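The chain contents come next:
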Amino acid sequence: MEWFDALILGIIQGLTEYLPVSSSGHLEIFREILGIDIPSDKILQFDLILHAATVCSTIVVLWPMFSRLLVSFFGFKRDAEFYMVWKILLSCVPIAVVGLFLKDYVEMFFGSSLLLVGICLIVTAGLLAFAHFTDKMPSGAMVPAEKGREISWSDAFIIGCAQAVAVLPGLSRSGSTIATGILLGDKRSKVAYFSFLMVIIPILGEALLDLKELVVTPSQQGDTSVGVLALMVGFFSSFLVGCCACKWMIDLVRRGKLVWFSIYCVVMGVICILWR
């Protein structure tokens, strides 16, 4: 992989990780456009590093909240932040199950066809639209703006299940988890923060486990490998763009503007289906 390809993919990852349009789906789309042809296991590993970069940007942007959670959890303060960390850990259980038992199966979906990406993008659009219009119904169970409830233990687990399903390319992780939280009646801003924080543990954990397998030299696997330069360029471009996109996304969630991304997902989904 050339460094310029890694730069483009890093920018795409940094922007789409937080926007509800599926970063994995857009990485698949741009790999197809750029003509990048590497094995599926290397695709997944490179994507993992890009995700690790956006996780780092999440920590930087949300550092005041993140630091309070750490101090409370390791200080055993048993306050709201302490229990929030446990809810985040609970939300990681479904994705951990997928990672431990279904990783090889999930790899099959990466680098294959844009048909699945297109279908999942349309599913993402439907989920965003459904969450938006249900949330706006005055007679429904949902409540608008910041009048929702705090995230409960059961909500945390259900949102975690949404994250586990969103491993499919084209199914937005942030869109799925935030829309699920809104449908459950949780506060918009709380759901946004929770969605961004809950991905930190599984992504960084998986990145550490795969670190030895990621950096390979061209002499070992020829043109199908991911070189060190491409890795560094992809990581830092994803990190820098992610810092800006994270702040933007939180503001969009607060103002209830996610429904417009459903239109974008439908258009891109149709293009992907026709592209194949």
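Rules used throughout
Residues numbered from 1 in each chain as written. Predicted model: local features only at pLDDT ≥ 70, side-chain atom pairs only at ≥ 80, totals over all residues. Heavy atoms only, no water. Helix = DSSP H or I, 4+ residues; strand = E, 2+ residues; numbered from the N terminus. Buried < 20%, exposed > 50% of the residue type's maximum accessible area, 1.4 Å probe, protein only. Contact = heavy atoms within 4.5 Å. Areas by Shrake-Rupley, 256 points an atom, 1.4 Å probe, with all protein chains shown as cover. Phe/Tyr/Trp six-rings, centres within 6.5 Å; stacked < 30°, edge-to-face > 60°. Lys NZ or Arg CZ within 6 Å of the ring centre and 35° of its normal. Core = buried A, V, L, I, M, F, W, Y, C linked by side-chain atoms within 4.5 Å. Expected span 1.5 Å × (residues − 1). Patch = residues over 30% accessible without salt bridge, like charges linked within 9 Å, V, L, I, M, F, W, Y side chains within 5 Å. Salt bridge = Lys/Arg side-chain N within 4 Å of Asp/Glu carboxyl O. 1 Å grid on protein atoms, 1.4 Å probe; cavity = no way out; pocket = protein on both sides within 12 Å on 5 of 7 lines; lining within 4 Å. Points joined across faces, edges and corners; volume = space filled by probe spheres on them. Nonpolar A, V, L, I, M, F, W, Y, C, P; charged D, E, K, R; others polar. Disulfide = S-S within 2.5 Å. pLDDT = per-residue confidence, 0-100.

Within the protein, the regular secondary structure consists of 14 helices and zero strands. Secondary structure of the protein in N-to-C order comes out as α-α-α-α-α-α-α-α-α-α-α-α-α-α. Across the 276 residues that make up the protein, the buried fraction comes to 53%. Long-range pairs, those at least 24 residues apart, make up 80% of the contacts in the protein between residues at least 6 apart in sequence. A total accessible area of about 12,900 Å² is found for the protein, and carbon and sulfur atoms account for 71% of it.

A complete count under the given rule lists nine aromatic pairs for this structure. When the centroid spacing of 5.2 Å and the interplanar angle of 80 degrees are considered together, the rings of Phe 73 and Phe 74 count as edge-to-face. Judged by its relative accessible area of 18%, Phe 73 falls in the buried class. Linked through ring pairs, Phe 73, Phe 74, Phe 76, Phe 82, Tyr 83 and Trp 86 together constitute an aromatic cluster. It is Lys 87 that lies over the ring of Trp 153; its NZ or CZ is 5.7 Å from the centre.

Another point: the nonpolar core. Within the largest apolar cluster, 51 residues are counted, with the highest numbers of intra-cluster contacts made by Phe 194, Met 249 and Leu 258. Residue contacts for Leu 258: discarding those within four places in its chain leaves Pro 20, Leu 128, Ile 178, Met 249, Leu 252 and Val 253. In this structure, Met 1, Ile 8, Leu 9 and Phe 46 belong to the second largest nonpolar core, which totals 12 residues.

Compared with the 18 Å implied by 1.5 Å per residue over 13 residues, the 19 Å span of helix 8 (residues 153–165) between its first and last C-alpha is a close match. Turning to helix 8, its buried residues number three or more, namely Asp 155, Ala 156, Ile 159, Gly 160, Ala 162, Gln 163 and Ala 164.

Most of helix 10 (residues 188–198) is tucked away, with 10 of its 11 residues classed as buried. Three or more residues of helix 10 are buried, namely Arg 188, Ser 189, Val 191, Ala 192, Tyr 193, Phe 194, Ser 195, Phe 196, Leu 197 and Met 198.

The next point concerns a nonpolar patch on the surface. A surface patch of nonpolar side chains, amounting to about 930 Å² of accessible area, comprises Val 93, Val 97, Leu 100, Phe 101, Leu 102, Tyr 105, Met 108, Phe 157 and Ile 158. Here the element with the most residues in the nonpolar patch is helix 5 (residues 80–101); it accounts for four residues. With respect to the secondary-structure elements, Phe 157 resides in helix 8. For Phe 157, a relative accessible area of 35% translates into the label partly exposed.

Time to look at empty space enclosed by the protein. Enumeration according to the criterion identifies two cavities of 30 Å³ or more in this entry. Quantified by volume, the second largest cavity comes out at close to 30 Å³. Forming the walls of the second largest cavity are Thr 16, Glu 17, Leu 19, Ser 22, Ser 23, Ser 172, Arg 173 and Ser 174. A per-class count over the lining of the second largest cavity returns one nonpolar, five polar and two charged.

Our focus in this paragraph is the state of the cysteines. Here a disulfide denotes a covalent bond joining the sulfur atom of one cysteine to the sulfur atom of another. For the structure shown, the criterion picks out zero disulfides. Cysteine Cys 243 shares no disulfide, and the gap to the nearest cysteine sulfur, in Cys 244, comes to 6.7 Å.

Quick look at the confidence of the model for the protein now. Summary statistics for the protein give a mean pLDDT of 82 and a share of 85% for residues scoring 70 or more. Per-element confidence in the protein ranges from a low mean pLDDT of 45 for helix 12 (residues 218–221) to a high of 94 for helix 8. Ignoring residues within four places in sequence, the model shows residues 137–145, a span with pLDDT below 50, making 12 contacts including any to other chains. Scored below 50 in pLDDT, residues 215–224 shows 14 contacts in the model against residues more than four places distant or in partner chains.

Taken as a whole, this structure holds seven salt bridges when the rule is applied. When the shortest N-O distance is used, the salt bridge between Arg 149 and Asp 155 registers 3.0 Å. Glu 150 is paired through a salt bridge with Lys 190; the nearest N and O atoms lie 4.0 Å apart. Residue Glu 150 is found in the loop between helix 7 (114–136) and helix 8, and its partner Lys 190 is found in helix 10; the two are separated by 40 residues along the sequence. Here Glu 150 falls in the partly exposed class, since its relative accessible area comes to 40%. Judged by its relative accessible area of 36%, Lys 190 falls in the partly exposed class. Connected through shared salt-bridge partners, Glu 28, Arg 31 and Asp 47 make up one network.

With that out of the way, let us pick up the environment of Pro 94. Along the chain, Pro 94 falls in helix 5. Here the alpha-carbon distance between Pro 94 and Ile 158, two residues 64 residues apart in the chain, equals 9.0 Å. Not counting residues up to four positions away in its chain, the partners in contact with Pro 94 are Phe 157, Gly 160, Cys 161 and Ala 164.

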